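Architecture at a glance
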Amino acid sequence: MPHIDNDVKLDFKDVLLRPKRSTLKSRSEVDLTRSFSFRNSKQMYTGIPIIAANMDTVGTFEMAKVLCKFSLFTAVHKHYSLQQWEEFASQNPDCLEHLAASSGTGSSDFKQLEQILETIPQVKYICLDVANGYSEHFVEFVKDVRKRFPEHTIMAGNVVTGEMVEELILSGADIIKVGIGPGKLAHWGPLITSSVQTPMEHFTLVLVAFFLGSVCTTRKKTGVGYPQLSAVMECADAAHGLKGHIISDGGCSCPGDVAKAFGAGADFVMLGGMLAGHSESGGELIEKDGKKYKLFYGMSSDTAMKKYAGGIAEYRASEGKTVEVPFKGDVEHTIRDILGGIRSTCTYVGAAKLKELSRRTTFIRVTQQVNLSFSGVS
């Protein structure tokens, strides 16, 4: 019989952080560096735990070079060849400790992963990424990868509930990616798609982008999902009970959302849309009416599947969309904005270190985040 869970579940948009008395005099006093020891790999991590998503429009070698300078992490997308990996590794040896090699569950993906990790042993992180982390096949795949690479740190997902977090950790994963369908585009202006033909169509798409804004359409296509804030809080509790870790993957549209994810208990936060549209991002750079845009699309979108699989198989539907994000220039400016926002959050709640943020966090439910008077949306 169908069951309704009447407990309230919340997204980032539903809450704000309550300020608290602070002894900090300046944002510069805040330490955003975290150190972790991973449960299964026994490896150590030190850095600022923000990760560029393993999408081919975000998780690029060019992005990794810049993020490494800030001690941020990059989950490199799985579509680089072994030769491209070798070339990057030879030219950028200092970046390798801040990278994960990504893989799906297919045999060709696993073979490619083996080749990369055998050829470049300095890469110690693996990102196992599927849309539905609840399948038994995926759990068995995680076990197989752990057996093959006992000393590598494994990220695996995506899931949104505590019991599946526990199962994946017990199967060999160290860090669980949390999020199904929460993604938002980090852009509040008009978004353009290639299907726009008339002013009315343009108007409709702008509203959809603002209220639904995402290149992951799983919630819309399948009706499946979980509000991201609640998912992070519940999954963090499950993971930490087993000395595991989680990544909040998706749903962040501004620095405040990243801070909320950390406040909710996330050990890492993975960003896609916020890092899209930059010089270092993948995606085609196009020009319309004198303005520059970059393509950004979900990895289950029609665009991605045509590019890498020859099209959408007849038994499935696209669970992503393609948009044109206004070109933002160098990603360094966006990174500084994100890190500055998180430091400000910490000063507001009295957290001298990022590690202290979740302990200092009290969320308050709200009906409105910001004043929309000059946002261009009525």
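Provided above is the structure to which this section pertains.
Residues numbered from 1 in each chain as written. Predicted model: local features only at pLDDT ≥ 70, side-chain atom pairs only at ≥ 80, totals over all residues. Heavy atoms only, no water.

For the rest of this paragraph, the subject is the overall build of the protein chain. Each helix and strand in the protein chain was counted, giving eleven helices and 15 strands. Considering the protein chain as a whole, with its 378 residues, one finds that 52% of them fall into the buried category. Taking the contacts inside the protein chain whose residues are at least 6 apart along the sequence as the reference set, 69% of them involve residues at least 24 apart. Of the roughly 18100 Å² of accessible surface on the protein chain, a fraction of 51% belongs to carbon and sulfur atoms. (Helix = DSSP H or I, 4+ residues; strand = E, 2+ residues; numbered from the N terminus. Buried < 20%, exposed > 50% of the residue type's maximum accessible area, 1.4 Å probe, protein only. Contact = heavy atoms within 4.5 Å. Areas by Shrake-Rupley, 256 points an atom, 1.4 Å probe, with all protein chains shown as cover.)

Another aspect to go through is the side chain of Gln228. Looking at the element boundaries, Gln228 is found in helix H8 (residues 228-241). Within the structure, the side chain of Gln228 is placed 3.0 Å from the backbone oxygen of Val178, a separation counted as a polar contact. Excluding residues within four positions of it along the chain, Gln228 makes contact with Leu10, Asp11, Phe12, Val178, Gly179, Pro182, Arg219, Ser248, Asp249 and Gly250. (Polar contact = N/O pair within 3.5 Å; in protein donor to acceptor, adjacent residues only side chain to side chain.)

For the pair helix H3 (residues 107-119) and helix H4 (residues 136-148), interaxial distance at closest approach is 12 Å and the crossing angle is 25°. In this view, H3 runs roughly parallel relative to H4, as classed from their interaxial angle. Here H3 runs over H4; the crossing is right-handed. From H3, Phe110, Glu114 and Glu118 reach across to H4, where they touch Phe141, Val145 and Arg148. Here the contact of H3 with H4 is built from residues that sort into three nonpolar, no polar and three charged. (Axes fitted to C-alpha atoms, helices over the stretch in contact; angles between N-to-C directions. Parallel < 35°, antiparallel > 145°, perpendicular 65-115°, else oblique. Left-handed = near helix turned anticlockwise from the far one by under 90°. Nonpolar A, V, L, I, M, F, W, Y, C, P; charged D, E, K, R; others polar.)

Moving on, we come to the packing of aromatic side chains. Inspection of every chain in the model, using the stated rule, returns eleven aromatic pairs. Judged by centre distance (5.7 Å) and plane angle (75°), the ring pair of Phe110 and Phe141 falls under edge-to-face. Linking Phe110 in helix H3 with Phe141 in helix H4, this pair joins segments that are 31 residues apart in sequence. Ring-pair connections join several aromatic residues into one group, and the members of that group are Phe36, Phe38, Tyr45, Phe73, Tyr125 and Phe268. (Phe/Tyr/Trp six-rings, centres within 6.5 Å; stacked < 30°, edge-to-face > 60°.)

Strands sit in the order E4-E5-E6-E7-E8-E9-E10-E11 around a closed barrel of eight strands; the barrel is parallel. Sheet twist, expressed as the mean angle between neighbouring strand axes with direction ignored, is 25°. Note: strand E4 (residues 50-52) against strand E5 (residues 73-76), two bridges, orientation parallel. Across the sheet, residue Ile51 finds its bridge partner in E5, namely Phe73. With respect to the sheet, helix H5 (residues 162-170) is in contact with strand E8 (153-159) and strand E9 (175-178), its orientation differing from that of E8 by roughly 155°. (Pairing = 2+ DSSP bridges.)

Another aspect to go through is a negative patch on the surface. A surface patch of like charges, here negative, comprises Glu136, Glu163, Glu166, Glu167 and Asp237. For the negative patch, the element with the highest residue contribution is H5, accounting for three residues. By the element assignment, Glu136 lies in helix H4. (Patch = residues over 30% accessible without salt bridge, like charges linked within 9 Å, V, L, I, M, F, W, Y side chains within 5 Å. Salt bridge = Lys/Arg side-chain N within 4 Å of Asp/Glu carboxyl O. Lys, Arg positive; Asp, Glu negative; His and termini not counted. Charge placed at Lys NZ, Arg CZ, Asp CG, Glu CD.)

Moving on, we get to the packing of helix H1 (residues 61-69) against helix H11 (residues 331-349). Contact pair H1 / H11: the axes reach a minimum separation of 10 Å and the direction vectors enclose 45°. One finds that H1 runs oblique with respect to H11. For H1 against H11, the interelement crossing comes out right-handed. On the side of H1, the interface is formed by Met63, Val66 and Leu67, while H11 contributes Val331, Glu332 and Ile335. Residues belonging to the contact of H1 with H11 are distributed by class as follows: five nonpolar, no polar and one charged.

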